[in-house]
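Secondary and tertiary structure notes
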Amino acid sequence: MNGKTANVGIVIVSHSPLVARGIADMVRQMVGDCVPLAWSGGNVHGDLGTDAGGILRAIEAAWSDAGVAVFVDLGGAETNSEMAIEMLGLPRAALVSICNAPLVEGAVIAAAEASGGASLAKVVATAEELSP
């Protein structure tokens with residue numbers, strides 16, 4: 001995806017490629033193609049785990065000049081997402097936020113919010129309202 005889209009992008013990161021793809025498929029079916037969307041799941045061998053390089057590619061695939069919201073399943077996914085954001089470099093890294101929200105519900109509500117043209121801050125805040 002290039003920077004021409006006005007809507008915030010969504011990235012799903014899971015230790016499981018099947019989980020990441022499944023959530024991305026669910027989000028896509030609910031909001032259509034108006035939100036840039038990508039996922040990263042598993043390590044470089046396709047096993048359970050996460051990979052900063054794969055996450056970076058997902059961020060770039062879902063890139064929007066409006067920003068990108070990243071949703072993660074477990075601590076390792078968050079750590080590797082932070083590394084991927086650092087690898088992205090400034091100034092784009094400042095436009096990427098890791099959301100502290102439930103993975104499935106957070107991604108769905110964030111994508112719905114993004115599809116309406118909400119800002120990155122609003123997308124993240126709406127998703128994070130779901131956290132206990």
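All values reported here derive from a predicted model rather than from experimental measurement.

1. Let's talk about the state of the cysteines
As enumerated under the stated definition, the model contains zero disulfides in all. Not engaged in a disulfide, the cysteine cysteine 34 finds its nearest cysteine sulfur in cysteine 99; these two sulfurs lie 17 Å apart.

2. Points about helix 2 (residues 52-61)
Of all 10 residues making up helix 2, seven are buried, and the element is well covered by its neighbours. Buried within helix 2 we find Ala52, Gly53, Gly54, Ile55, Leu56, Ala58 and Ile59. Contacts made by the buried residues of helix 2 are with strand 1 (9-14), strand 2 (37-41), strand 3 (68-72), helix 3 (75-88) and strand 4 (96-99).

3. Points about helix 4 (residues 103-115)
When the terminal C-alpha atoms of helix 4 are compared, their 18 Å separation across 13 residues agrees well with the 18 Å that a helix rising 1.5 Å per residue should span. For helix 4, the complete set of buried residues consists of Leu103, Gly106, Ala107, Val108, Ala110, Ala111 and Ala114. In this fold, the buried residues of helix 4 make contact with strand 1, helix 1 (17-31), strand 3 and helix 5 (120-128). The first or second residue beyond helix 4 is glycine 117, which carries a positive phi of 90°.

4. Brief notes about the nonpolar core
Residues Ile10, Ile12, Val27, Ala69, Phe71 and Val123 are the most contacted members of the largest nonpolar core, which totals 25 residues. Listed by contribution, the elements that provide at least two residues to this core are strand 1, helix 1, strand 3, helix 4 and helix 5. Sort the elements by how many residues they give to this core and helix 4 lands first, with six residues. Not counting chain neighbours up to four residues away, the residues in contact with valine 123 comprise Val8, Ile10, Ala69, Ala110, Glu113, Ala114 and Ala118. Residues Val13, Ala58, Trp63 and Val96 belong to the second largest nonpolar core, which totals 18 residues.

5. Looking at the UniProt feature "domain: PTS EIIA type-4" (unreviewed entry) in the chain
UniProt annotation of "domain: PTS EIIA type-4" (unreviewed entry) refers to residues 7-132 when read in the numbering used here. In residues 7-132, the share of helix is 48% and the share of strand is 16%. The end C-alpha atoms are 27 Å apart.

6. Describing the side chain of serine 14
Looking at the secondary structure, you find serine 14 in strand 1. Setting aside chain neighbours within four positions, we find serine 14 in contact with Val19, Ala20, Ser40, Gly41, Gly42, Gly49, Thr50 and Asp73.

Criteria and cut-off values
Here the residue numbering is sequential within each chain, running from 1 through the sequence in written order. Reporting in this predicted model follows two pLDDT cut-offs: at least 70 for local features of residues, and 80 or more for side-chain atom pairs to be given and counted; totals over whole chains, interfaces and linings ignore these cut-offs and use all residues. Hydrogens and waters are ignored; side-chain quantities use all the structure's heavy atoms. Count a disulfide wherever a pair of cysteine sulfur atoms falls within 2.5 Å. Accessibility here uses a 1.4 Å probe with only protein chains present; expressed as a share of the type maximum, an area under 20% marks a residue as buried, one over 50% as exposed, and anything in between as partly exposed. By the criteria applied, helices consist of DSSP H or I runs no shorter than four residues and strands consist of E runs no shorter than two, each listed in order from the N terminus. The contact criterion used throughout is that any non-hydrogen atoms of two residues lie within 4.5 Å. Multiplying 1.5 Å by the residue count of a helix minus one yields the expected span of that helix. Among the buried residues, those of types Ala, Val, Leu, Ile, Met, Phe, Trp, Tyr and Cys that are joined through side-chain atoms within 4.5 Å form a nonpolar core. UniProt positions are given in the numbering used here, feature names are shortened, and annotations may be inferred rather than shown by experiment.

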